[in-house]
Amino acid sequence: KIFFDKKNLKEKKDIFFEEYQGSNFKPRTILFDLEPRIVSVIQKGTYGNLYHNGNIFIGEKNIGNNWVTGYNHASENREEIADIIRKNAEKCNNLGGFNFFHSIGGGTGSGSSSFILELINEEYPKQFN
């Protein structure tokens, strides 16, 4: 059976979106990057107002293409990252899991993604596995 057929699509929208100011909806999304370049392009572009500003984490410096540096920088910001994840998880009636799209190329993105995956596994083990 198709999960999102036309009949139940309106009922299931709360899984991936939250209602914001009446009948407007914003995706349940956290944007994370250690350097401001990519996320800033999104924020300034056509879809910039689609995301909650409180769900965006941007590192303040260009830290190069290094897995260890990415992992360490993310771990230095553990509380802020965990807080963004927790605030979003608390808005869910029945948190079933996470969709996680991340870099695996070996640079800072994959290092920070590794840390975030560990963090989610520690904080939400039932939803992670």
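Residues numbered from 1 in each chain as written. Predicted model: local features only at pLDDT ≥ 70, side-chain atom pairs only at ≥ 80, totals over all residues. Heavy atoms only, no water.

(A) Region of the structure containing the packing of helix H4 (residues 78-90) against helix H5 (residues 108-123). It is the contact of H4 with H5, at a shortest axis distance of 11 Å, that shows an interaxial angle of 60 degrees. Judged by the angle between their axes, H4 and H5 are oblique. In this structure, the crossing between H4 and H5 has a hand that is right-handed. Facing H4, whose interface residues are Arg 78, Ile 81, Ala 82 and Ile 85, H5 presents Phe 115, Ile 116, Leu 119, Ile 120, Glu 122 and Glu 123. Residues of the contact of H4 with H5, tallied by class, amount to 7 nonpolar, no polar and 3 charged. (Axes fitted to C-alpha atoms, helices over the stretch in contact; angles between N-to-C directions. Helix = DSSP H or I, 4+ residues; strand = E, 2+ residues; numbered from the N terminus. Parallel < 35°, antiparallel > 145°, perpendicular 65-115°, else oblique. Left-handed = near helix turned anticlockwise from the far one by under 90°. Contact = heavy atoms within 4.5 Å. Nonpolar A, V, L, I, M, F, W, Y, C, P; charged D, E, K, R; others polar.)

(B) Region of interest: the layout of surface pockets. Estimates place the volume of the largest pocket at around 1,200 Å³. Lining the largest pocket we find 41 residues, and of these Arg 28, Thr 29, Ile 30, Phe 98 and Asn 99 sit closest to its centre. By residue number, the principal contributor to the lining of the largest pocket is H5, which donates 6 residues. A breakdown of the residues in the lining of the largest pocket according to their chemical character gives 21 nonpolar, 15 polar and 5 charged. (1 Å grid on protein atoms, 1.4 Å probe; cavity = no way out; pocket = protein on both sides within 12 Å on 5 of 7 lines; lining within 4 Å. Points joined across faces, edges and corners; volume = space filled by probe spheres on them.)

(C) Region of interest: the packing of aromatic side chains. Tallying each qualifying case throughout the model produces 4 aromatic pairs. A ring pair is formed by Trp 67 and Tyr 71, whose centres lie 5.2 Å apart and whose planes are at 20 degrees; its orientation type is stacked. Here the residue Trp 67 and the residue Tyr 71 both occupy positions in helix H3 (residues 67-76), the gap between them amounting to 4 residues, near one helical turn. A relative accessible area of 36% places Trp 67 in the partly exposed class. (Phe/Tyr/Trp six-rings, centres within 6.5 Å; stacked < 30°, edge-to-face > 60°. Buried < 20%, exposed > 50% of the residue type's maximum accessible area, 1.4 Å probe, protein only.)

(D) Summary view of H5. An ideal rise of 1.5 Å per residue puts 22 Å on 16 residues; H5 measures up with 23 Å between its terminal C-alpha atoms. Along H5, the residues classified as buried are Thr 108, Ser 110, Gly 111, Ser 112, Ser 113, Phe 115, Ile 116, Leu 119 and Ile 120. (Expected span 1.5 Å × (residues − 1).)

(E) Spatial organisation of the packing of H3 against H5. Where H3 meets H5, the axes come as close as 6 Å, and the angle between the chain directions of the two elements is 40 degrees. When the axis of H3 is compared with that of H5, the two are oblique. Here H3 and H5 pass one another in a crossing that is right-handed. In this structure, H3 uses Trp 67, Gly 70, Tyr 71, Ala 74 and Ser 75 to contact H5, whose residues at the interface are Thr 108, Ser 110, Gly 111, Ser 112, Ser 114, Phe 115 and Glu 118. The residue inventory of the contact of H3 with H5, partitioned by class, reads 4 nonpolar, 7 polar and 1 charged.

(F) Focus on the pairing of strand S2 (residues 24-27). Across 4 bridges, strand S1 (residues 17-20) lies against S2 in antiparallel orientation. Looking at S2, one finds that Tyr 20 is bridged to Asn 24. Between the end of S1 and the start of S2, which pair antiparallel, lie 3 residues, with Gln 21 showing a positive phi angle near 50 degrees. (Pairing = 2+ DSSP bridges.)

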